[in-house]
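Observations on the model geometry
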Amino acid sequence: MSQDQRQAWFARVVESGLQNQIFNPSDVLAHATPDVLATHLPPELLSKVLQASLTAGSMTPERVLETVTPEMLARHVPHEVLWACIAAAAARAGLTNQVVP
Amino acid sequence: MNVKAFFVDALTSALDLGIARPDDVLRHVTPDTLAQHLPRPLWARLLTACLGAPRVDAQLVIETIGLPNLAEHLPAQLIWAVIADVGGRALGHAQDAPVVVAKPRTPTTPPPPRPLTAPPPPEVVVAAPRPTPQPMPAVGPDIPAPASAALADLINELENDQPAPARSRMPTAQRFRQSNTGIGRLGSAQRRPQVAATPAAGRPARRGGTEVSDESVGAEIAVDDSQLVDWSSAEQTQATDDDFTDLGRKR
């Protein structure tokens, strides 16, 4: 599998998880922490996040993910981080026997 | 929370993007699992498709049942195991998701994880081109003389392009199993014991080379006509003893 295919799949899974409420934006930011975002997001994307928050007057996880879409997450954030988010949601839903982090 | 829709999205995109293969799904969704959880109408559809297909493989099973039906009827833990397997492999990890099955099955050893990206090959140092070597003189290897005379004859024949003299042929071993008729015993060299002939009285059994008979050469011997044999009309000679020595060789 190529990097593009892997990236597209993670983007789709994160998007579907959000749409189907397997996890919510807060769960995503619990793994994609500000440190992670600041480390891996490009400067222009960080700028957009800040600009959107300034415009709205607040920075919420939902608003962050409106700018940093699942496609952007899959492109810039390490996939291990995204997978940890997905796996934790599955554990919370009782789909696995793993301990919920 | 719509877990099933999430499952369908994750598996559909994984199959579409080549992240997962139908075999990955059937590694967890075994026929036993399908038999336990799949409704009969879906089984009928699957059997019909398999009977009409020239080749039955995992792709046919998945396409016939459909991922929504799999997510609808199979246990969520099972579908998640497939997704976890795919996700782990996408991250370059080993398949750490255990196979969730209803019945114990033989565990399979997963292959060792392979890195997704191989390091670049080392730079190849191209040396200066070497000149083409001069052709070497035609010097053949020191071939030892053949050990056997037969091989030497064959070599001489090939080298001289002349037929080799006829070689003596070694007698071959017996190629056929002897029958159990006992006829071979007749052809053996053993002769049955015979009674020594008694010499006629008054005359020696055999004369020596220098012995002179005292009988007259032209003496008449009385012979009956019935004792005469017409040799010209006789077709066969009559054996006078039981010597069947040739019989074994004729067989």
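Figured I'd write up the structure that's included with this text. (Residues numbered from 1 in each chain as written. Chains lettered and ligands numbered in written order. Predicted model: local features only at pLDDT ≥ 70, side-chain atom pairs only at ≥ 80, totals over all residues. Heavy atoms only, no water.)

Attention now moves to the overall build of chain B. Of the regular secondary structure elements, chain B holds ten helices and zero strands. The linear arrangement of helices and strands in chain B, starting from the amino end, is α-α-α-α-α-α-α-α-α-α. Relative to its full complement of 251 residues, chain B shows a buried share of 19%. Taking the contacts inside chain B whose residues are at least 6 apart along the sequence as the reference set, 67% of them involve residues at least 24 apart. With the model as given, the accessible surface of chain B reaches about 20500 Å², and the carbon-plus-sulfur share is 56%. (Helix = DSSP H or I, 4+ residues; strand = E, 2+ residues; numbered from the N terminus. Buried < 20%, exposed > 50% of the residue type's maximum accessible area, 1.4 Å probe, protein only. Contact = heavy atoms within 4.5 Å. Areas by Shrake-Rupley, 256 points an atom, 1.4 Å probe, with all protein chains shown as cover.)

Time to look at the interface of chain B and chain A. Taken residue by residue, the interface counts 25 residues in chain B and 23 residues in chain A. For the pair chain B and chain A, the summed buried area comes to about 2200 Å², and 73% of that belongs to carbon and sulfur atoms. The largest contributions to the chain B side of the interface with chain A come from Phe 6, Trp 80 and Leu 91 of chain B, which together make up 31% of the buried area. Here chain B is connected to chain A by one salt bridge. The interface formed by chain B and chain A holds eight residue pairs in polar contact (both at pLDDT 80 or more) in total. Elements with a minimum of two residues in the side of chain B that touches chain A: helix 1 (3-17) and helix 7 (76-90) of chain B. With ten residues, helix 7 of chain B is the largest single contributor of residues to the side of chain B that touches chain A. Its residues placed into classes, the side of chain B that touches chain A shows 17 nonpolar, six polar and two charged. (Buried area = accessible area lost by both parts, 1.4 Å probe. Salt bridge = Lys/Arg side-chain N within 4 Å of Asp/Glu carboxyl O. Polar contact = N/O pair within 3.5 Å; in protein donor to acceptor, adjacent residues only side chain to side chain. Nonpolar A, V, L, I, M, F, W, Y, C, P; charged D, E, K, R; others polar.)

Our next topic: helix 5 (residues 58-65) of chain B. All names here are of chain B. Taken across its eight residues, helix 5 has six buried, putting it largely inside the fold. Along helix 5, the positions that sit buried rather than exposed are Ala 58, Leu 60, Val 61, Ile 62, Thr 64 and Ile 65. Looking at the buried side of helix 5, the elements it contacts are helix 1, helix 2 (22-28), helix 3 (31-37), helix 4 (40-52) and helix 6 (67-73). After helix 5 finishes, the residue Gly 66 shows a positive phi value of roughly 90°.

On to the pattern of salt bridges, then. Pairing of side chains with opposite charge becomes possible as their charged atoms draw close. On inspection of all chains with the given rule, the structure shows nine salt bridges over all chains. The partner of Arg 12 of chain A in a salt bridge is Asp 9 of chain B, with the nearest N and O atoms 3.2 Å apart. Separated into two different chains, Arg 12 of chain A in helix 1 (residues 3-19) and Asp 9 of chain B in helix 1 make up a pair that spans both. With a shortest N-O distance of 3.2 Å, Arg 92 of chain A and Asp 27 of chain A are connected by a salt bridge. Of this pair, Arg 92 of chain A sits in helix 7 (residues 79-92) while Asp 27 of chain A sits in helix 2 (residues 25-31), and the two are 65 residues apart along the sequence. If you follow the salt bridges from partner to partner, you end up with Arg 12 and Glu 15 of chain A together with Asp 9 of chain B in one network.

Residues and elements named next belong to chain A. When the terminal C-alpha atoms of helix 4 (residues 43-56) are compared, their 20 Å separation across 14 residues agrees well with the 20 Å that a helix rising 1.5 Å per residue should span. Those residues of helix 4 lying buried are Leu 45, Val 49 and Ser 53. Down the axis, helix 4 shows its buried residues gathered within 75° of arc, on one side only. Residues Pro 43, Glu 44, Lys 48, Leu 54 and Thr 55 are exposed on helix 4 and point more than 90 degrees away from its buried face. At its buried positions, helix 4 is contacted by helix 5 (61-67) and helix 6 (70-76). Where helix 4 ends, the next residue or the one after it, Gly 57, has phi of about 90°, a positive value. (Expected span 1.5 Å × (residues − 1). Arc of directions from axis to C-beta.)

What follows deals with the environment of Gly 88 of chain B. Mapping Gly 88 of chain B onto the fold places it in helix 7. Discounting residues that sit within four places of it in the chain, Gly 88 of chain B has contacts with Trp 83 of chain A together with His 93 of chain B.

Scanning the entire structure with this criterion turns up five aromatic pairs over all chains. Seen in terms of ring centroids, Trp 9 of chain A and Phe 10 of chain A are 5.2 Å apart; in terms of plane orientation they differ by 70°. Their pairing is edge-to-face. A relative accessible area of 0% places Phe 10 of chain A in the buried class. The interplanar angle of 85° and the centroid separation of 6.5 Å between the aromatic rings of Phe 10 of chain A and Trp 83 of chain A together place this pair among those described as edge-to-face. Here Phe 10 of chain A is found in helix 1, whereas its partner Trp 83 of chain A is found in helix 7, with 73 residues between them in sequence. Ring pairing ties together the aromatic residues Trp 9, Phe 10 and Trp 83 of chain A together with Trp 80 of chain B, which thus form one cluster. (Phe/Tyr/Trp six-rings, centres within 6.5 Å; stacked < 30°, edge-to-face > 60°.)

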